[in-house]
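Structure assessment
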Amino acid sequence: MPISEELFERARRVIPGGVNSPVRAFRRLERAPFFVARAQGAHLWDEDGREYIDYVGTWGPAILGHAPACVMEAVQRTVPNGLGYGIPTRVEVDMAEHLCRRVPGMQMVRMTNSGTEATMSAVRLARGFTGRPYIIKFAGCYHGHADSLLVSAGSGALTGGQPDSAGVPPEFAALTIVLPYNNPAAVEQAFKQYAGKIAGVIVEPYPGNAGFYLPKPGYLQFLRDITAREGALLIFDEVMTGFRISTSGVAGKEGITADITTLGKVIGGGLPVGAFGGRRDIMECVAPLGPVYQAGTLSGNPVAMAAGLAQLTHLEEHDCYGRLEALGARLEEGVRAALHDLHLPFTFKRSGSMFCLFFTEQDVVDLETASSGSFPMFKQYFLSMLEQGVYVAPSPYETGFISTSHTEDDIDRTTAAMRNALAALAK
C-alpha cells in the first residue's frame, strides 16, 4: 500500500474525515489525498516520493513559493529569542505600520491568528460601531467559518455539498442577508427592505472561494457608494487577495477604499496570521479603547510576524508583481490556446497570479454561473493533472495560485499537461 494511503487510513481513525480542513479529503474525487513530505519553491514531494508542480500554494500564502530564503532566515533569526510571550513586541509594530502604509484606508489594525478570526471580528466591529444588527454577504463568498458568516458560503462548504453548516442557530443566520454577487438591484432592494438596520456589507472584492471570478465594471464602486449613502460599513475581505493581487490588494488596484479590510494568508509568510483594520474612528471602538471585545493569546506572535514581514518586505523591494503577471499571462495563453484548438467552450478567469478554469460554457460572474460547471469533467481533469505531476486544487470551487518560484518551464509543463487532460475530455 502506498505510504499516503496508509497514513490516510491511520488519520481517519483519529481525525474527522482524516483531515483538518474538509477540502483536503479529496472525498468527491474518490481517491485518498497524498500526504506531503516536503516542499520547496513551486514544488511538492509526497510521502511516496512523487514530485508535483504546485498551484495550491498553501491555499494562497506561498506567493514566493515554499520555504523562501527571506522567510526562513527571518524565522531562524527569531526562534532563538522565544516562540511567544503574550506581551507586545517590536515586530508587531513594524507589521502594523507596514499594513497601514500599504492598505488603502487602513489607519489602525489588529492582528489575529486566522482569516476566520479577522472576518468574525470585522463583522462584530461593524455591528458595534453602527449599532445595527444586519450584515449583507454574497452567495459563494466565503468569509471563514464563524456562525453568522457560514451561510451560502463557498470553498469547502460547497465542495462538501453542504453550503450551510449544522450547528448554526437559525437566529444567527437570520441576521445575515445573502444576495447574488454582481447584482446591484438586489443590494438596492435589501437596503430598502432593511432601512436603517444594515451594519455593513462584507464582500470578497474578487471572489476566490467559488472558483475565481471578477466584479463587473463599476460594481465595487456601487458598493462603496451605497454603503456610504446608507450609513453602513463596507468590509473588504482581502484574506485571499491582500498582497496577492497587488501590493495594496484589490482595493489599491481598483481604487476603492473600504471602511474595514481583513487580511491573512500572504501576510503570514506561511504561518497562521490574520488581521482586520480600517478607519481610526472605527478601530478605536475595539477593546481596550472601546466596547467591541476582541482578543487572542497568540495574536501578534513574534515568529509569525517576522515571517510575514519578511515576505511583505521582499514583495515590496522586488518586481514580484511584474513577474507574477508575466507568468500568469503565459499560463493563460497556453490554456486558451488549448481550449481553442480542442474546441472546448470552457471559461477561464485570471487576474495576476490567481486563476480558475470552469467546466462550463457560461460566463462566470456569480455563484449560480460558477456552479453550472460539470463536476465529472473536473474530476477527470484533476486526476489526469495529478497523474502528470501537476497539483491543482482538488475542487472546482477553488482558485489556483502562481508563485514567483514557478519557472517558465513549470508553466509550459503545466499547459502541456492541461492540453493532455483537456484532450481526453474532448473525445
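What this report covers is the structure whose coordinates are included nearby. Everything numeric in this text was worked out from a predicted model, so none of it was measured.

**So, the packing of helix H14 (residues 375-387) against helix H15 (residues 408-426)**
Each pair of packed helices can be described by the angle between their axes along with the distance between the axes. Axis separation between H14 and H15 bottoms out at 9 Å; the angle between their running directions is 140 degrees. Judged by the angle between their axes, H14 and H15 are oblique. Between H14 and H15 lies a crossing of right-handed hand. Contact with H14, carried on its side by Met-377, Gln-380, Tyr-381, Ser-384 and Met-385, involves Thr-414, Ala-417, Met-418, Ala-421, Leu-422, Ala-424 and Leu-425 of H15 and no other residues of that element. Across the contact of H14 with H15, the residue classes tally to 9 nonpolar, 3 polar and no charged.

**Comments concerning the pattern of salt bridges**
Opposite charge on two side chains lets them pair, provided their charged atoms get close. For the structure on display, the rule yields 16 salt bridges. As a salt-bridge pair, Glu-230 and Arg-229 come within 3.1 Å of each other at their nearest N and O atoms. Residue Glu-230 is classed as partly exposed on the basis of its relative accessible area, which comes to 25%. Ionic pairing is found between Asp-259 and Arg-279, a salt bridge with its closest N-O pair at 3.0 Å. You can see Asp-259 sitting in the loop between helix H9 (249-254) and strand E9 (260-264) and its partner Arg-279 sitting in the loop between strand E10 (274-278) and helix H10 (280-283), a full 20 residues away along the chain. Residue classification places Asp-259 among the buried positions, given a relative accessible area of 6%. The structure contains a network of salt bridges with shared partners spanning Arg-224, Asp-259, Arg-279 and Asp-281.

**Here we look at helix H12 (residues 320-341)**
Taking 1.5 Å as the rise per residue, H12 with 22 residues should run 32 Å; its terminal C-alpha atoms sit 32 Å apart, in good agreement. Looking at H12, one finds that the buried residues are Cys-320, Tyr-321, Leu-324, Leu-327, Gly-328, Leu-331, Glu-332, Gly-334, Val-335, Ala-338 and Leu-339. Down the axis of H12, the smallest arc covering the buried residues is 165 degrees, so these residues share one side. In H12, the exposed residues that point more than 90 degrees away from the buried face are Glu-333 and His-340. The elements touched by buried residues of H12 are helix H11 (302-317), strand E11 (347-351), strand E12 (354-358) and H15.

**Some thoughts on the environment of Asp-319**
Of note, Asp-319 is situated in the loop between H11 and H12. The exposed category is assigned to Asp-319, whose relative accessible area is 62%. Along the primary structure Asp-319 and Thr-404 are separated by 85 residues, whereas in three dimensions their C-alpha atoms are 9.8 Å apart.

Reading guide: rules and limits
- Residues numbered from 1 in each chain as written.
- Predicted model: local features only at pLDDT ≥ 70, side-chain atom pairs only at ≥ 80, totals over all residues.
- Heavy atoms only, no water.
- Axes fitted to C-alpha atoms, helices over the stretch in contact; angles between N-to-C directions.
- Helix = DSSP H or I, 4+ residues; strand = E, 2+ residues; numbered from the N terminus.
- Parallel < 35°, antiparallel > 145°, perpendicular 65-115°, else oblique.
- Left-handed = near helix turned anticlockwise from the far one by under 90°.
- Contact = heavy atoms within 4.5 Å.
- Nonpolar A, V, L, I, M, F, W, Y, C, P; charged D, E, K, R; others polar.
- Salt bridge = Lys/Arg side-chain N within 4 Å of Asp/Glu carboxyl O.
- Buried < 20%, exposed > 50% of the residue type's maximum accessible area, 1.4 Å probe, protein only.
- Expected span 1.5 Å × (residues − 1).
- Arc of directions from axis to C-beta.

Read these as geometric descriptors, not functional statements.
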